[in-house]
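Spelled out from the first residue to the last, the chains are:
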Amino acid sequence: MAVDRSVKLGRRAFLASGAAFLSAPAIAQTETGTTEVERDLDEIVVRNISSFRSLDWAPYFDNLRNGAVLVDVTSRALHYWSEDESVYKLYPTSVPLTEDLTRRGRTKVVRKVEGPSWRPTPSMKKRNPEWPDFVGPGPDNPLGTHALYLSWTYYRIHGTHDTRKIGRRSSNGCIGLYNEHISELFSLTKVGTQVLLI
């Protein structure tokens, strides 16, 4: 009895395409009409950060007094310029999950903490009642190893213990960096460093 191989291959192709469709990531429509794909945090994703581009500080700041930090939520990048322009750094970041949680505008570093402790905000606790009320410094702390507290209540630039979040919409409002990057940025910034989120 002859087997029709074209039907067998067609069925395989159909099943493979169906499986690919079912495992596809969620697609979000942005306000500008472009689509953006967000994958599950458990999925391993290779990121190419070569698409990051260096920027000049002048279009964003009047001066570099106390240094300057620019966070671009769209490209998920943090730029740092030292006051004397001798240091420029570019880091990949995590950004807020939704526009509702995203704050844009000018602020500044008002406090620096090495080994920060963490408490969920009231709105975070309401959305996630199972979360602990407090996490002390250490490897499981959601703020990582260092935190730069901004003049906006509850907003921070901090490290993360979950490196899968970098390059993704994954925070409740803060900007996250790899722990080695926040450690470096922590040493470069000071209380009074100006910050702009765009």
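Right above here is the structure, for reference.
Residues numbered from 1 in each chain as written. Predicted model: local features only at pLDDT ≥ 70, side-chain atom pairs only at ≥ 80, totals over all residues. Heavy atoms only, no water.

### Description of the overall build of the protein
We count it as follows: Numbering of helices and strands runs from the N terminus, with a helix taken as a DSSP run of H or I at least four residues long and a strand as a DSSP run of E at least two residues long. In what follows, residue pairs with any heavy atoms lying within 4.5 Å of each other are defined as contacts. All accessible-area figures derive from a Shrake-Rupley calculation using a 1.4 Å probe, and residue coverage is judged against the displayed protein chains alone.
Regarding its fold elements, the protein presents three helices and twelve strands. For the protein, long-range pairs separated by at least 24 residues make up 61% of all intrachain contacts whose partners lie at least 6 apart in sequence. Carbon and sulfur atoms make up 53% of the accessible area of the protein, which totals about 12000 Å².

### Details of the nonpolar core
The nonpolar side chains of soluble globular proteins are, as a tendency, buried together. Defined as follows: Throughout, nonpolar core names a set of buried Ala, Val, Leu, Ile, Met, Phe, Trp, Tyr and Cys residues whose side chains join them through atoms within 4.5 Å. Here the term buried applies to any residue with accessible area under 20% of the maximum for its type, exposed to any over 50%, and partly exposed to those in between, with areas from a 1.4 Å probe on protein chains only.
Counting 20 residues, the largest nonpolar core has V69, L78, I157 and L185 as its most contacted members. Those elements giving two or more residues to this core turn out to be β3 (68-72), β4 (77-81), β8 (146-150), β11 (175-178), α3 (179-188) and β12 (194-197). For V69, the contacting residues outside a window of four places in its chain are F61, L78, H79, Y80, I157, L185, T189, T193, Q194, V195 and L196. Counting eight residues, the second-largest nonpolar core is a separate cluster that includes L55, L64, L70 and L196.

### Comments concerning the sheet that holds β12
Here is the rule we go by: By definition, two strands form a pair when at least two bridges between them are found by DSSP. Whenever a helix is involved, its axis is fitted only over the stretch in contact; in every case the axis is a line through C-alpha atoms, and angles between N-to-C directions fall within 0 to 180 degrees.
Ordered by their spatial adjacency, eight strands build an open sheet running β5-β4-β3-β12-β7-β8-β9-β11, and the pairing between neighbours is mixed. In this open sheet, the two edge strands, each paired with only one partner strand, are β5 (88-92) and β11. Taken pair by pair, the neighbouring strands of this sheet meet at an average axis angle of 25°, ignoring direction. Here four bridges tie strand β7 (residues 105-114) to β12, and the two strands are oriented antiparallel to one another.

### Description of the pattern of salt bridges
Rules: Should a side-chain nitrogen of Lys or Arg be within 4 Å of a carboxyl oxygen of Asp or Glu, the pair is scored as a salt bridge.
As enumerated under the stated definition, the model contains five salt bridges in all. Measuring nitrogen to oxygen at the nearest pair gives 3.2 Å for the salt bridge that ties E184 to K89. Taken together, the residues span a long stretch of sequence, with E184 in helix α3 and K89 in strand β5 at a distance of 95 residues. For E184, a relative accessible area of 29% translates into the label partly exposed. Between K125 and D133 there is a salt bridge, and its shortest N-O distance comes to 3.0 Å. For K125, a relative accessible area of 23% translates into the label partly exposed.

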